[in-house]
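An overview of the molecular structure
Spelled out, the chains give:
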Amino acid sequence: MAGLKLTGIAKAYGDVNVLHDIDLDIASGEFVVFVGPSGCGKSTLLRMIAGLEQITGGELQIGGRVMNDIPPSQRGIAMVFQSYALYPHMTVRDNMAFALKIAGQSKEQITAATDRAGKMLQLTPYLDRLPKALSGGQRQRVAIGRAIVRDPQVYLFDEPLSNLDAALRVATRIEIAQLKASMPDRTMIYVTHDQTEAMTLADRIVVLAGGTIAQVGAPLELYERPMTEFVAQFIGSPAMNLLPGRVRTVGATTIVALDGGLEAHVAIPTRAGDEDMPVTLGVRPEDMRITEGTPVFESTVDLTEALGEVTLLYFGTNADTAPITAKLPGIHPDLKGRRVRLTADPHALHLFHKGLSLLYRDGTPPPYQPRMAAPSGSMGGTPAAPDHDRDRIDEGVIKPAGPVR
Ligand SMILES: Nc1ncnc2c1ncn2[C@@H]1O[C@H](COP(=O)(O)OP(=O)(O)OP(=O)(O)O)[C@@H](O)[C@H]1O
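Residues numbered from 1 in each chain as written. Predicted model: local features only at pLDDT ≥ 70, side-chain atom pairs only at ≥ 80, totals over all residues.

The name given to the protein in an unreviewed UniProt entry is ABC transporter ATP-binding protein, and the organism recorded there is Paracoccus nototheniae. Checking UniProt for the protein, the heading Sequence similarities (unreviewed entry) contains the comment "Belongs to the ABC transporter superfamily." (UniProt positions renumbered as here; feature names shortened; annotations may be inferred.)

This is the structure in structure tokens:
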């Protein structure tokens, strides 16, 4: 059992502060996903936890032990990289066995561990093959197998699926979810750019922005109660629409006068003194409908994209600002060029003032209840070669993994 505690963690390369003020408690057995725009420091944070990057400020504890200066091989972690980082001249079994051999485990222990990992990952028929005779998805499963055999307390995944094609990504994502379910007391930390991976795998998502934590929460909590405009637009695809306006009438339901003349009724309270306050109305594309009622948006459809189960409508594609998007269930071939009025449920709307959600202005709102109704390229730096990183984690005396169940 090992949770993690990050206190005031910071990272600087010379004068450049990449990460600062990272405070985060990760419970033993939790699955935590780091997301954020390219260059925000997700991989750097993960690599600091692994011990592959020096921590320049703050304290990292794993399993109650300060780990700042402990080498990677002694942190009780295993890491799965984006590129599979397999030894090309070794069979699948030998690749998975490598760290155990270095640790001096017996042949029987190693065979039991690799058999078990092979079974868990459906690699049994391939144990004697070389990596070159495997598909990308199978290679990534071997890389995961290399982690499993060591039976670490903490698994670290650095965008493990991003080299796979769409179908394999889905299949391997489901395997990772099943793997986690089979190891409920193992802690997993996972970096991804993929919204679906983050939403489906995470117990909690950590959104990083500008080198620090923007918000931490359960996936649906971040989706339904984003604290800032940034998180609101980052979680969900297409991104939440933001419409400027001013508070017209305060109360349990706030009436917002939108720029352009429309009015929105929002089930977020405002109070005396808020009248005329500049606000931004947030409305998710999937919450917009063409139905009778008070519209929050009215315009001519510039473009439609039929995706089968839904149709995306785009408005204002030639404007300087981001286009407004609506996502309607079903197929609507006839809407392009038509003027439409879009409504939204008052409970689905968001309200921000100076970038911060009004839900949070008096501190954290009451406990979250899911709303049941509706719902590249690296910026730079030269990441160390995965082979080298793999070796740094494998090297040295890895404590024998103990009885392999
Ligand atoms: N060795 C280095 N020297 C200087 N700056 C670095 C170094 N390594 C990384 N950086 C910078 O640190 C920042 C965070 O990089 P990191 O790779 O952690 O971001 P990321 O969120 O994982 O990005 P991506 O999503 O593109 O992989 C970037 O701005 C990057 O340029």
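**Let's talk about the UniProt feature "domain: ABC transporter" (unreviewed entry) in the protein**
Taking the numbering used here, the UniProt-annotated feature "domain: ABC transporter" (unreviewed entry) corresponds to residues 4-235. For residues 4-235, helix accounts for 36% and strand for 26%, while the C-alpha atoms at its two ends are 25 Å apart. (Helix = DSSP H or I, 4+ residues; strand = E, 2+ residues; numbered from the N terminus.)

**Quick look at the domain arrangement of the protein**
The domain architecture assigned to the protein consists of domain 1 (4-227 + 389-394) and domain 2 (229-354). One C-alpha centre belongs to domain 1, the other to domain 2; they are set 38 Å apart. With nine residues of domain 1 in contact, the opposing surface of domain 2 contributes eight residues. Contributing elements (two or more residues each) for the side of domain 1 that touches domain 2: β9 (204-209), β10 (212-217) and α7 (219-224). For the side of domain 1 that touches domain 2, a count of residues per class yields seven nonpolar, two polar and no charged. (Domains from an automatic or database assignment. Contact = placed C-beta atoms within 7 Å. Nonpolar A, V, L, I, M, F, W, Y, C, P; charged D, E, K, R; others polar.)

**Let's talk about helix α1 (residues 42-50)**
Among the nine residues in α1, nine count as buried, and that is most of the element. For α1, the full list of buried residues reads K42, S43, T44, L45, L46, R47, M48, I49 and A50. Following α1 by one or two positions, G51 has its phi on the positive side, about 95°. (Buried ≥ 20, exposed ≤ 12 C-beta atoms within 10 Å, placed from the backbone.)

**Some details on helix α3 (residues 107-120)**
If you check α3, its first and last C-alpha atoms are 20 Å apart, about what 14 residues at 1.5 Å a residue would give, namely 20 Å. All buried positions along α3 are accounted for by I110, A113, T114, A117 and G118. Seen end-on, α3 carries its buried residues on one side only, within an arc spanning 130°. α3 presents E108 and K119 as exposed residues on the side facing more than 90 degrees away from its buried surface. Packing partners of the buried residues in α3 comprise α2 (92-102) and α4 (136-148). Two residues or fewer past α3, Q122 is found with a positive phi of approximately 55°. (Expected span 1.5 Å × (residues − 1). Arc of directions from axis to C-beta.)

**A closer look at unusual backbone geometry**
Residue P238 is bonded to the preceding S237 through a cis peptide linkage, with omega at -5°. Within the secondary structure layout, P238 lies in the loop between α8 (229-234) and β11 (241-249).

**Topic: the environment of I255**
Structurally, the position occupied by I255 is in strand β12 (residues 254-258). Judged by C-beta crowding, with 17 C-beta atoms within 10 Å, I255 ranks as partly exposed. Measuring from C-alpha to C-alpha, the distance between I255 and E224 comes to 20 Å, with 31 residues separating the pair along the chain. Setting aside chain neighbours within four positions, we find I255 in contact with R248, T249, E263 and H265.

**Description of the packing of α2 against α4**
The contact between α2 and α4 brings their axes to 8 Å, and the two run at 30°. Compared by their axis directions, α2 and α4 come out roughly parallel. Note that α2 runs across α4; the crossing there is right-handed. Mapping the contact onto sequence places V92, N95, M96 and A99 in α2 and V142, G145 and R146 in α4. The residue makeup of the contact of α2 with α4, split by class, is four nonpolar, two polar and one charged. (Axes fitted to C-alpha atoms, helices over the stretch in contact; angles between N-to-C directions. Parallel < 35°, antiparallel > 145°, perpendicular 65-115°, else oblique. Left-handed = near helix turned anticlockwise from the far one by under 90°.)

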